[in-house]
Amino acid sequence: MRVLVVEDEAKLAGLLRHRLRREGMGVDVASNGEEALVRATATDYDLILLDLMLPGIDGFGVCRRLREQSIWSPTLMLTALGDVDDRVRGLDSGADDYLVKPFSFDELLARVRALLRRGAPPRPAVLTVGDLRLDPASHQAWRGGTRLSLTSREFALLEMFMRRPGQVLNRFELLEHVWDGTYENRSNVIEVYVGYLRDKLGREAIETVRGAGYRLHIDDDPR
């Protein structure tokens, strides 16, 4: 196993390298975002430990750029920023896990082992289906070159469809994931919001599958 440690605090970087090597892993260290991008592009790492507050390009930027280049090494963010918004932003930028400093090395190693077991299936930070793109981190979506103006519910519903393109999603699944069960299944809220999305994406974009639910249908060619 080969790990990239991205940490600008020399003492902590040294401790991480020492502990990981004791676990039988090969370890490289980068002290800033630019160096991390160079190393991660040149080497297929099994895991990246990524500090958030880096000189130059920060951890958010590093993670996003790696994902944009289709580099899917499992990434664990290490940071002193523990606010929920920071954790959400880190995960939305493409990170797989988040650990707040100061941390226990035993917990760090447990999380490392869990990520290594999980492997690195492609999970793009920006979702793309045909000419439709959606960025969960910036909460923006586009059809072709046109940015879409979506409410939070419309955005969440579109994201649900784009994470499972071509699959039929029933009313219960949509209510459970987008409305968190706050509406009864007999409510017509799904039909209403599907209608809103059709108005903004085009009537053909979301297909009704009679008796089953709805399916995102986006052609490869832009309108």
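You'll find the structure just up there.
Residues numbered from 1 in each chain as written. Predicted model: local features only at pLDDT ≥ 70, side-chain atom pairs only at ≥ 80, totals over all residues. Heavy atoms only, no water.

*Asks:* Please explain the sheet that holds strand 4 (residues 75–79) as it appears in this structure.
*Replies:* Across a sheet, strands are paired by hydrogen bonds formed along the backbone, either parallel or antiparallel in direction. The parallel open sheet is built from 5 strands, whose spatial order is 2-1-3-4-5. In this open sheet, the two strands that pair with only one neighbour each are strand 2 (26–30) and strand 5 (97–100). Here the average twist between neighbouring strands, direction ignored, is 20°. As paired strands, strand 4 and strand 5 are joined by 4 bridges and run parallel to one another. Within strand 5, the position partnered with Leu78 by the bridge is Leu99. In the packing of helix 2 (residues 33–42) onto the sheet, the strands contacted are strand 1 (2–6), strand 2 and strand 3 (47–51), and the crossing angle to strand 2 comes to about 145°. (Pairing = 2+ DSSP bridges. Helix = DSSP H or I, 4+ residues; strand = E, 2+ residues; numbered from the N terminus. Axes fitted to C-alpha atoms, helices over the stretch in contact; angles between N-to-C directions. Contact = heavy atoms within 4.5 Å.)

*Asks:* What is the right way to read the pattern of salt bridges from this model?
*Replies:* Two side chains of opposite charge can pair, provided their charged atoms sit close to one another. Taken as a whole and judged by the stated rule, the model has 16 salt bridges. Across the pair Arg111 and Asp97 runs a salt bridge whose closest N-O atoms are separated by 2.8 Å. With Arg111 in helix 5 (residues 105–118) and Asp97 in strand 5, this residue pair connects regions lying 14 residues apart in the sequence. With relative accessibility at 24%, the residue Arg111 sits in the partly exposed group. Residues Glu159 and Arg163 are paired through a salt bridge, measuring 2.9 Å at the closest nitrogen-oxygen approach. Note that Glu159 and Arg163 are positioned in helix 6 (residues 152–163) at a spacing of 4 residues, about one turn of the helix. Owing to a relative accessible area of 47%, Arg163 belongs among the partly exposed residues under this scheme. Through salt bridges with shared partners, a single network forms among Glu7, Asp51 and Lys101. (Salt bridge = Lys/Arg side-chain N within 4 Å of Asp/Glu carboxyl O. Buried < 20%, exposed > 50% of the residue type's maximum accessible area, 1.4 Å probe, protein only.)

*Asks:* When you look at the nonpolar core in this model, what are you seeing that I'm missing?
*Replies:* Across soluble globular proteins, you tend to see nonpolar side chains buried next to one another. Among the nonpolar cores identified, the biggest contains 28 residues, and Leu157, Leu158, Phe161, Met162, Leu174, Leu197 and Ile206 are the most heavily contacted of them. Of all the secondary structure elements, the ones that give two or more residues to this core are strand 6 (127–129), strand 7 (132–135), helix 6, helix 7 (171–178), helix 8 (189–201) and strand 11 (213–216). Counting 20 residues, the second-largest nonpolar core is a separate cluster that includes Leu52, Ile57, Phe60 and Leu66. (Core = buried A, V, L, I, M, F, W, Y, C linked by side-chain atoms within 4.5 Å.)

*Asks:* In this structure, what is going on with the pairing of strand 2? I would like to understand it.
*Replies:* One face of the sheet, then the other: side chains in a regular strand alternate in exactly this way. Relative to strand 2, strand 1 runs parallel, the two being bridged by 5 bridges. Its bridge partner being in strand 2, Val3 is matched across the sheet by Val27. As for the winding sense of the linkage, the β-α-β connection from strand 1 through helix 1 (residues 10–22) to strand 2 is right-handed. (Right-handed = clockwise from strand over helix to strand, strands pointing away.)

*Asks:* Where do I start with the sheet that holds strand 8 (residues 140–143) in this structure?
*Replies:* Spatially, 4 strands are ordered 6-7-8-9 in an open sheet, and the strand pairing comes out antiparallel. The open sheet has two edge strands, strand 6 and strand 9 (146–147), and neither has a second partner. Of the strand pairs in this sheet, strand 6 and strand 7 are connected by 3 bridges, and their pairing is antiparallel. Bridge pairing in strand 7 links Val129 to Leu132.

*Asks:* Sorry if this is basic, but what is going on with the packing of aromatic side chains here?
*Replies:* Describing an aromatic ring pair means giving the distance of the ring centres and the angle of the ring planes. All told, the structure shown has 2 aromatic pairs when counted by the stated rule. Aromatic side chains Phe103 and Phe105 sit 5.8 Å apart centroid to centroid with 75° between the ring planes, which places their arrangement in the edge-to-face category. Judged by relative accessible area, Phe103 falls into the buried class, the value being 17%. Aromatic pair Tyr193 and Tyr196: ring centres 5.1 Å apart, planes at 75°, arrangement edge-to-face. Taken together, the residues span about one helical turn, with Tyr193 and Tyr196 both in helix 8 at a distance of 3 residues. (Phe/Tyr/Trp six-rings, centres within 6.5 Å; stacked < 30°, edge-to-face > 60°.)

*Asks:* In this structure, what is going on with the environment of Trp72? I would like to understand it.
*Replies:* The topology assignment puts Trp72 in the loop between helix 3 (59–68) and strand 4. Under the relative-accessibility criterion, Trp72 is labelled buried at 17%.

*Asks:* Looking at this structure, how should I read the packing of helix 7 against helix 8?
*Replies:* Packed helix pairs are characterised by how far apart their axes lie and by the angle those axes make with each other. In contact at an axis separation of 10 Å, helix 7 and helix 8 are set at 80° when each is read in the N-to-C sense. Judged on the interaxial angle alone, helix 8 and helix 7 are roughly perpendicular. Touching Arg171, Leu174 and Leu175 of helix 7 are Val189, Ile190 and Glu191, all from helix 8. (Parallel < 35°, antiparallel > 145°, perpendicular 65-115°, else oblique.)

Keep in mind that these numbers describe shape and distance, not what the molecule does.
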